[in-house]
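# A structural walkthrough
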Amino acid sequence: MDALCIQFINSDFRDFRGRWVRDDLLQPGWLEQFLVTWGLQIETSPDAAVLAALTALRDLLKRMIASLADGRIADEDLAQFNAILLKIPLHRSLVQDAEGYSLELAAVKKDWDWVQAEIAASFSHILIEHDPRRIKLCANDYCRGAFYDESKSRTQRYCTADKCANLMKARRFRARHRRDA
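Throughout what follows, the structure given in this document is the object of discussion. (Residues numbered from 1 in each chain as written. Predicted model: local features only at pLDDT ≥ 70, side-chain atom pairs only at ≥ 80, totals over all residues. Heavy atoms only, no water.)

### A look at helix α5 (residues 112-129)
Given a rise of 1.5 Å per residue, 18 residues ought to cover 26 Å, and the 25 Å separating the end C-alpha atoms of α5 matches this to within 8%. Where α5 is concerned, the buried positions are W112, W114, V115, Q116, A117, I119, A120, S122, F123, S124 and I126. Looking at where α5 begins, the residue whose side-chain oxygen comes 3.2 Å from the main-chain nitrogen of D113 is D111. (Helix = DSSP H or I, 4+ residues; strand = E, 2+ residues; numbered from the N terminus. Expected span 1.5 Å × (residues − 1). Buried < 20%, exposed > 50% of the residue type's maximum accessible area, 1.4 Å probe, protein only. Polar contact = N/O pair within 3.5 Å; in protein donor to acceptor, adjacent residues only side chain to side chain.)

Set out below in structure tokens:
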């Protein structure tokens, strides 16, 4: 599943072998490309306060995903999350298309608060429309990337089969053979 919130969470990019960490929010051009990809263009560049708020949102989303494994998001995290959703006023309009009518919600003002609210809404959409137990953090402690488990058995533990899962399988194999030797 390709979701706005998952790509945002994974902006805290870690080498799956544990050699380095890169914060894409601080990389020139990454945030602008992210906004273009998801149709969230705004007029102003992020300042230090905006970057701090985005980093805090990313940390909050990671905490919420980790708590989903236990089945319940902490009340204080939920309150903080809802405060982000409430940051942006919306207006509604009735729109007619070929299939009939629909109600559209649009932001009154498109700024960094709106971007944060859209990221939070994307996460909300996954929790509401899909199985919340399927959004996970990679079991590789060096990686901890977010992913949506699309396996039939819901047992996927790693974000990628060719990197994290393969690395951890090889490490378990080597540890088992060292122990047997």
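Back to the write-up after that little detour.
### Describing helix α3 (residues 48-68)
Taking 1.5 Å of rise per residue, the 21 residues of α3 would be expected to cover 30 Å, and the 30 Å separating its terminal C-alpha atoms lies within 8% of that figure. Within α3 the residues assigned to the buried category are V50, L54, L57, R58, L60, L61, K62, M64, I65, S67 and L68. The N-cap of α3, judged by a side-chain oxygen 3.2 Å from the amide nitrogen of A49 a few residues on, is D47.

### Some words on a positive patch on the surface
A cluster of basic residues, R157, K169, R172, R176 and R179, forms a positive patch at the surface. Looking at the element boundaries, R176 is found in helix α6 (residues 161-180). (Patch = residues over 30% accessible without salt bridge, like charges linked within 9 Å, V, L, I, M, F, W, Y side chains within 5 Å. Areas by Shrake-Rupley, 256 points an atom, 1.4 Å probe, with all protein chains shown as cover. Salt bridge = Lys/Arg side-chain N within 4 Å of Asp/Glu carboxyl O. Lys, Arg positive; Asp, Glu negative; His and termini not counted. Charge placed at Lys NZ, Arg CZ, Asp CG, Glu CD.)

### Things to note about the pattern of salt bridges
Pairing between side chains becomes possible if they bear opposite charge and their charged atoms approach one another. Within the structure shown, the criterion is met by 11 salt bridges. For R154, the salt bridge goes to D131, with nearest N and O atoms at 3.5 Å. Of this pair, R154 sits in the loop between β6 (146-148) and α6 while D131 is found in the loop between α5 and β5 (135-137), placing the two residues 23 residues apart along the sequence. Given a relative accessible area of 40%, R154 falls into the partly exposed group. Through salt bridges with shared partners, one network takes in D12, R14 and K62.

### Focus: the packing of α3 against α5
It is at 10 Å that the axes of α3 and α5 come closest, and there the two elements cross at 10°. Relative to α5, the element α3 lies roughly parallel. Touching V50, A53, L54, L57, L61, M64, I65 and L68 of α3 are W112, Q116, I119, F123 and L127, all from α5. In terms of residue class, the contact of α3 with α5 is built from 12 nonpolar, one polar and no charged. (Axes fitted to C-alpha atoms, helices over the stretch in contact; angles between N-to-C directions. Parallel < 35°, antiparallel > 145°, perpendicular 65-115°, else oblique. Contact = heavy atoms within 4.5 Å. Nonpolar A, V, L, I, M, F, W, Y, C, P; charged D, E, K, R; others polar.)

### Some remarks on the side chain of S67
Along the chain, S67 falls in helix α3. Assessed through its relative accessible area of 13%, S67 is described here as buried. Beyond its immediate stretch of four places on either side in the chain, S67 contacts R72, I73 and A74.

### Comments concerning the pairing of strand β4 (residues 100-107)
When strand β3 (residues 90-97) meets β4, the two strands line up antiparallel, connected through eight bridges. Bridged to L90 within β4 is A107. From the end of β3 to the start of β4, which pair antiparallel, there are two residues. (Pairing = 2+ DSSP bridges.)

### Notes on the environment of Q116
Counting through the fold element by element, Q116 comes out in helix α5. Given a relative accessible area of 3%, Q116 falls into the buried group. Separated by 62 residues in the primary sequence, Q116 and L54 place their C-alpha atoms 7.0 Å from one another. Q116 has contacts with A53, L54, L57, I84 and K87, leaving out every residue within four places of it along the chain.

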